[in-house]
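Overview (structure and organization)
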Amino acid sequence: MRLQKYLASCGIASRRKCEAYILEGKVTVNGEVIRTLGTQVEEGDEVCFCGNKLTLKEEYVYYMLNKPVGYVTTVQDEKQRQTVLDLIHDEMHRVFPVGRLDYNTSGLLLLTNDGNLTYELTHPKHHVNKCYEVKVKGSLSEAAKYALRTGIVLEGKKTYPAELKVIKQSEKSTVFHLTIHEGRNRQVRRMCEAVDYPVLSLKRISVGKLTLGQLEVGAYRSLTPKEVNYLKKMNHNNH
Ligand code: URA
């Protein structure tokens, strides 16, 4: 973050006024007077104004990313694969993914530094609806559709009823939307495997009422205040 923005974010003054303070030599970064506008400040830097140490107000940010395939959603990967955090250019906030998507799954992933919201949204008792666009090999039989809708036993426990809507079906492949309410590990892939339809591609298109819309693959955007409120309320209602 640029130094004048940092000062303004700490509540010192307007950004323009903060620029004047920098030029006047009133600001130090890590003990050194900085008079250059636009100097970059990073997390962990000690910034002082007139000798007083500043702290940036803990500000929550909420992002929606259209995750590409080929990225892990863990913060670090032992195989040195790319992580979704490589796609987020925000050096001032340490965000983390809300839940997970497989390496080969694309689509809607929320990221935030709001630990409470993450905890609530990923708690198994909350059953947030998640809709996936699934492409499987072959023409999906009626029996398989029925099984996917009514529930499939995975590790001795039946999945909750799911909504299934066929989008496109041919001899070669079937594309459908599947809405599930749980978040069991590799759930959609395992459900499809269980009915003998291997997944060719998997993309999450919505979480609750939040949808990917026109967000490009690899791009991210901030949630609107309305969307953030919706997520917070959703938790509340589920308690
Ligand atoms: N279900 C899966 O199988 N994989 C995902 O990434 C998400 C849901």
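Placed above this text is the structure.
The structure contained in this document is the topic of the report that follows.

Parameters and conventions
- Residues numbered from 1 in each chain as written.
- Predicted model: local features only at pLDDT ≥ 70, side-chain atom pairs only at ≥ 80, totals over all residues.
- Heavy atoms only, no water.
- Near = heavy atom within 4 Å.
- Polar contact = N/O pair within 3.5 Å; in protein donor to acceptor, adjacent residues only side chain to side chain.
- Areas by Shrake-Rupley, 256 points an atom, 1.4 Å probe, with all protein chains shown as cover.
- 1 Å grid on protein atoms, 1.4 Å probe; cavity = no way out; pocket = protein on both sides within 12 Å on 5 of 7 lines; lining within 4 Å.
- Sits in = over half its atoms within 2 Å of the grid points.
- Helix = DSSP H or I, 4+ residues; strand = E, 2+ residues; numbered from the N terminus.
- Buried < 20%, exposed > 50% of the residue type's maximum accessible area, 1.4 Å probe, protein only.
- Arc of directions from axis to C-beta.
- Contact = heavy atoms within 4.5 Å.
- Phe/Tyr/Trp six-rings, centres within 6.5 Å; stacked < 30°, edge-to-face > 60°.
- Points joined across faces, edges and corners; volume = space filled by probe spheres on them.
- Salt bridge = Lys/Arg side-chain N within 4 Å of Asp/Glu carboxyl O.
- Pairing = 2+ DSSP bridges.

**Examining the site of the ligand**
- Close to the ligand lie Leu-101, Asp-102, Thr-105, Tyr-132, Arg-186, Gln-187, Val-188, Arg-189 and Leu-202, which account for all nearby residues.
- At 3.1 Å, a backbone N or O of Val-188 approaches a nitrogen atom of the ligand.
- For the ligand, the accessible surface in isolation is 240 Å², of which the surrounding protein chains cover 95%.
- A majority-of-atoms criterion places the ligand in the largest pocket.

**Re the environment of Lys-5**
- Position of Lys-5 among the secondary structure elements: in helix H1 (residues 3–9).
- With 106 residues separating them along the chain, Lys-5 and Leu-111 place their C-alpha atoms 23 Å apart.

**Notes on helix H4 (residues 142–150)**
- Listing the buried residues of H4 in full gives Ala-144, Lys-145, Ala-147 and Leu-148. Mapping the buried residues of H4 onto a view down its axis gives an arc of 165 degrees, with all of them on the same face. With respect to the buried face of H4, the exposed residues turned more than 90 degrees away are Glu-142, Ala-143 and Tyr-146.
- Its buried side turned inward, H4 meets strand S11 (163–169), strand S12 (173–180) and helix H5 (187–194).

**What about the packing of aromatic side chains?**
- With the rule as written, the count across this model stands at 2 aromatic pairs.
- Relative to Phe-49, the ring of Tyr-21 has its centre 4.8 Å away and its plane inclined at 50 degrees; by these criteria the two rings are tilted. On the criterion of sequence distance, the pair formed by Tyr-21 in helix H2 (residues 15–23) and Phe-49 in strand S3 (residues 47–49) is long-range, its members being 28 residues apart.
- The class of Tyr-21 is buried, set by a relative accessible area of 16%.
- With relative accessibility at 14%, the residue Phe-49 sits in the buried group.
- Considering the side-chain rings of Tyr-63 and Tyr-220, the 5.1 Å spacing of their centres and the 70 degrees angle between planes classify their relative orientation as edge-to-face.

**Quick word on H5**
- For H5, a buried count of 6 out of 8 residues is recorded, marking the element as mostly surrounded by other parts of the structure.
- Residues of H5 that are buried: Gln-187, Val-188, Arg-189, Arg-190, Met-191 and Cys-192.
- Buried-residue contacts for H5 involve strand S7 (105–112), strand S8 (130–137), H4, strand S9 (153–154), S12 and strand S13 (199–207).
- In the segment just after H5, Asp-196 is the residue with positive phi, at about 70 degrees.

**A few points about the layout of surface pockets**
- Within this model, the largest pocket holds a volume of roughly 580 Å³.
- Lining the largest pocket are 28 residues, with Arg-100, Lys-130, Glu-182, Gly-183 and Arg-184 positioned closest to its centre.
- Contributions of two or more residues to the lining of the largest pocket are made by S7, helix H3 (115–122), S8, H5 and S13.
- At 3 residues, the largest contribution of residues to the lining of the largest pocket is made by S13.

**With respect to the pattern of salt bridges**
- Scanning the entire structure with this criterion turns up 8 salt bridges.
- Here Glu-227 makes a salt bridge to Arg-221, at a shortest N to O gap of 2.8 Å.
- Its relative accessible area of 27% is what places Arg-221 among the partly exposed residues.

**Remarks on the pairing of S7**
- Across the 8 residues that make up S7, a large majority, 8, are buried.
- Taken together, the 6 bridges between strand S5 (residues 62–67) and S7 define a ladder with antiparallel strand orientation. Of the residues in S7, the one forming a bridge with Leu-65 is Leu-109.
- When strand S6 (residues 96–97) meets S7, the two strands line up antiparallel, connected through 2 bridges. Across the sheet, Pro-97 pairs through a bridge with Leu-111, a residue of S7.
- Two strands pair when backbone bridges link them, and S7 and S13 are joined in this way by 3 bridges, in the parallel orientation. Its bridge partner being in S13, Ser-106 is matched across the sheet by Lys-203.

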